[in-house]
Each structure stands twice: as structure tokens, then as C-alpha cells.
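# Structural overview
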Amino acid sequence: MSDKTSNQMWGGRFAAGPDAIMEAINASIGFDKRLAAQDIAGSRAHAAMLAATGIVDTSDAEAIREGLLTVLSEIKAGDFEFSTALEDIHMNVEARLKEIIGEPAGRLHTARSRNDQVATDFRLWVRDQCDAAEGGILALMKALLGQAEAGADWVMPGFTHLQTAQPVTWGHHMMAYVEMFSRDLSRMRDARKRMNESPLGAAALAGTGFPIDRQMTAEALGFDRPMANSLDAVSDRDFALEFLSVASICAMHLSRFAEELVIWSSAQFRFVTLSDRFSTGSSIMPQKKNPDAAELIRAKIGRIFGANVALLMVMKGLPLAYSKDMQEDKEQVFDAADNLMLALAAMEGMVKDMTANVANLETAAASGFSTATDLADWLVRETGLPFRDAHHVTGALVAMAEKKGCDLSDLSLEEMKSVNGTITEGIFDVLGVHNSVASRMSYGGTAPARVREQVARWKEILG
């Protein structure tokens, strides 16, 4: 970079330009060029306001606004040459604008600073990512609803400690994730609402003496209101942290489901078959079908968690207002947003395409004495035994079945009576897995009727 360029950028403050190392550490254009559309939108709104308030001539403002559209079209077409010497997206756009329209370009930066400019650009970008993530979460929820509706009656094992616990329905399991992702959706919408205030007009940190109209620029950019404190406006990155926090919780849910899909698609479980579109083979083992998409989702989640921690570390020691440390706020947010959207899309695809192996699910549901709790509950309801006593009786029956190598339902009535004489033939009505799930009619329970109610409720909510 020439001394002349440096002096133009810094207004004569430095006699010589930074050396190559300083240029490399200082420049952000390599990543903040992703803010181009937001930067130009903010500048166009600012120029319109400058004209409306009489700070800049209408003709100059119109030239600026039209010139910025030309710059945007060049960027979209891939014809724009980004310069590291010009540091960031703001200076790159302004320099090109000057080449296009000449002297009026210099009036664009009146009554603002790069501090409030980048805060506005970045907030707009993160707001867009909230909207994109909302769409991705909604699509995944709808895919899960499709699986839940199809499998409201399919019986599968429910687990605790990854040990067979009680039978549940496939639809009930899918709906658990609908509930999880609905909370992510709520958090994303809530974060977007909170971040929807405009920093533009805060200038460097103290506001400006020009008679600007911050309400006008806020409305033009779709913000609810201007931020109320200029120091906070330029130094706040809570909006990015909140996005990363919400993304991290959503990513955790994606990773939990990815883990289940890896387990379920294994030869030992065979609960699901993933489509070829989201699986790969082995280079030397022809029998293999690997759940690579699920595994990659599980791995990529770490990058989202890492981004959250990284930005917290950047921000934790910064005094008000702006410090150059805050240039390190973007790359991890960009990476996290990219990986969240990729993970959501991949999970939606896997859920839509996967096939539940219904027979295997039912066989597994009946194993491991999964109806033992039903037996204990029956003893409480039908014989009046206290639950702790019923628990003991059931444990003895499980031990008997285990010793015989059979399931609870394979024990004879006489064998059961040898443990507790109050047991009647009615016990067999609750020992089948279908009977078990059908009996779980409490609100939020796994009964097919309850699952269908929840599916219908969510279909109405999501439209």
C-alpha cells in the first residue's frame, strides 16, 4: 500500500503506511465483504436522511444512492475488485463510489462513523440470519411432523441410560424433537425482536451535532427504533452473542438427534434406513452404509459452540466504547451461521428421506421387559398394592422371566400367582407393547391418540 493511499485513509495522521504485517492484521475485507448488501442498504438510508434533513443537497444524495446501486450490482456480478489496502467493506465501497460519481461520494460519511456503520451492517446481517434460521427450523419441524403422523401407531423402545425403559410410539419420539425445535424457533424470534434497534446515527460514540433523523433511518432499514444510547450503540455485540447462544442450543438439539440416527442406523439396531443421498459407502468394505451426514452434523456443532465462546472471550474485557478487538466479532458468527444452516438443511433432508424399520422397532420395543412398569401399575390399580410393594413383585416376576429366558407376557398365570396370589388373567391386557402405549393417555403421553392430537395442533400452528 502506498503512503499516498494511507494518508488519504487516515487524513494525514501518519507519515507512512503500515507495513505488510500491520496491513494483514488490520484488514478485514477478506471476511467483512459478506456485509456488502447490508453496508450499501445502510448507506442508501443514510444518504436519503441527509437529504431530507438538508444536511446534503438532494442532487448529491441521489447521485450517492444511484452510485451505490451500481456498486452493489458489480459486487453481485463478481466484477468488484476488493482491496486489502482499503481495509474493510466500508472503505472499499466508498472508494468505488467515488470512482463512479466523483466528489459527491465524499459527503456520504457526513454525520456517521465507521463505528456506527459497522454496528448497523453487522446487526442487519445477523437479523437476516435469524430469519434464515427460522425458515430452516420450520422446515425441519414440518419434516418431523410428517414422520410423526405416519408413525403415530408404530411402537418402539423408549430409553433411559440407553437401556430399554418403556414402549413409546415413533410419532411420540418425533414429536419430542418438534417440541425442542419449537423452543429454538421461539428463542430465535425473541432474539431477532430484541436486536431490532438501529445503531446508525450514534457516530463514533457520542452522537453527532448534525440535525440527523435517526427515526427515519431506523424505519428505512426495518428497525423498530433507534438505540437509545450512543455509547451502547457502537459497543454492543449482544445481538451477535444472543444469536450464537440460540444457535448453540439449536445445534445441541441437532447433535442429539444426529447421535440417535447414527445409533439407529447401525447394524446392531436397524431402527432406520437413511437414504443414499445422506449416506456414503466404504472404500474397502462393500457392506457398509455410513451415516456421514449425521456424523458431520454432530461434529460441526462444535464449531458453533466454539464461536459462542470465542466471541464471549473477545468481548469480556472491553471498556466502552469501540476497540479494534471488535473486528474479531464477525468471522466466528459467519462460520456458525453457515454451519447452523447447513446442519438444519441436512437434518431436514435426512428426516424426510429416512425409513423407519417398523418390524425391528416393534421387536425391540418388546424386549428388555419394557412392560414391567405396566405390570406394576396394574398391580396398584387392580389389587390395591402400594406401588413400592408392586415394584417388588414386578421385580421378582422379571427375575423369573429372565431365568426362564422369556418375556413377561410368556409367563403363565400360575407362575405369576406363585409370586403374588392377587394377580388375575387381566394382567395380560397390559403386557403387550401396543396395549402399553395405548394406555398412556395422560396429556403429553405416548398413546397414538395423544400423538395425533399433538400433530394436528402443530400442523395448525405451522400452517
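- With an unreviewed UniProt entry as reference, the protein is termed Argininosuccinate lyase, source organism Alloyangia mangrovi.
- UniProt lists a comment for the protein under the heading Subcellular location (unreviewed entry), and it reads "Cytoplasm".
- Listed under Sequence similarities (unreviewed entry) in UniProt, the entry text for the protein is "Belongs to the lyase 1 family. Argininosuccinate lyase subfamily."

### Observations regarding the pattern of salt bridges
- Under the definition given, this model contains 27 salt bridges.
- Note that R187 is salt-bridged to D184, the shortest N-O span being 3.0 Å. Highlighted residues: R187 and D184, both in helix 8 (residues 170-195), separated by three residues, approximately one helical turn.
- Several salt bridges converge on common partners, so that one network encompasses E87, D88, R114 and K324.

### Quick look at the environment of V155
- Tracing the chain through its elements places V155 in strand 1 (residues 155-160).
- Residues V155 and V358, 203 residues apart in the sequence, show an inter-C-alpha distance of 7.6 Å.
- Contacts of V155, omitting those with residues within four sequence positions, involve P167, V168, T169, L361, E362, A365, V433, H434 and V437.

### Let's talk about the environment of I29
- As for its position among the elements, I29 is in helix 3 (residues 29-32).
- Under the relative-accessibility criterion, I29 is labelled buried at 5%.
- Each C-alpha atom of the pair I29 and V380 lies 70 Å from the other, and the pair is 351 residues apart in sequence.
- Those residues in contact with I29 that lie beyond four places of it in its chain are F82, S83, T84, E87, D88, I89 and N92.

### Some points on the domain arrangement of the protein
- Annotation of the protein at the domain level lists domain 1 (20-107), domain 2 (114-210 + 225-363) and domain 3 (369-462).
- Domain 2 and domain 3 are separated by 37 Å when their C-alpha centres are compared.
- Listed as interface residues are 22 residues of domain 2 and, on the opposing side, 21 residues of domain 3.
- Summed over both sides, the interface between domain 2 and domain 3 buries roughly 1800 Å², with carbon and sulfur atoms accounting for 65% of that surface.
- There are three salt bridges connecting domain 2 and domain 3.
- Salt-bridge contacts for E149 lead to K459; the nearest nitrogen and oxygen are separated by 3.2 Å.

### Comments concerning the packing of aromatic side chains
- On inspection of all chains with the given rule, the structure shows 13 aromatic pairs.
- Measuring from ring centre to ring centre gives 6.3 Å for F122 and F334, while their planes differ by 85°; the resulting arrangement is edge-to-face. Taken together, the positions of F122 in helix 7 (residues 114-150) and F334 in helix 13 (residues 331-353) put the pair 212 residues apart, joining distant regions of the chain.
- Using a relative accessible area of 0% as the deciding quantity, one classes F122 as buried.

What counts and how
Residues numbered from 1 in each chain as written. Predicted model: local features only at pLDDT ≥ 70, side-chain atom pairs only at ≥ 80, totals over all residues. Heavy atoms only, no water. UniProt positions renumbered as here; feature names shortened; annotations may be inferred. Salt bridge = Lys/Arg side-chain N within 4 Å of Asp/Glu carboxyl O. Helix = DSSP H or I, 4+ residues; strand = E, 2+ residues; numbered from the N terminus. Contact = heavy atoms within 4.5 Å. Buried < 20%, exposed > 50% of the residue type's maximum accessible area, 1.4 Å probe, protein only. Domains from an automatic or database assignment. Buried area = accessible area lost by both parts, 1.4 Å probe. Phe/Tyr/Trp six-rings, centres within 6.5 Å; stacked < 30°, edge-to-face > 60°.

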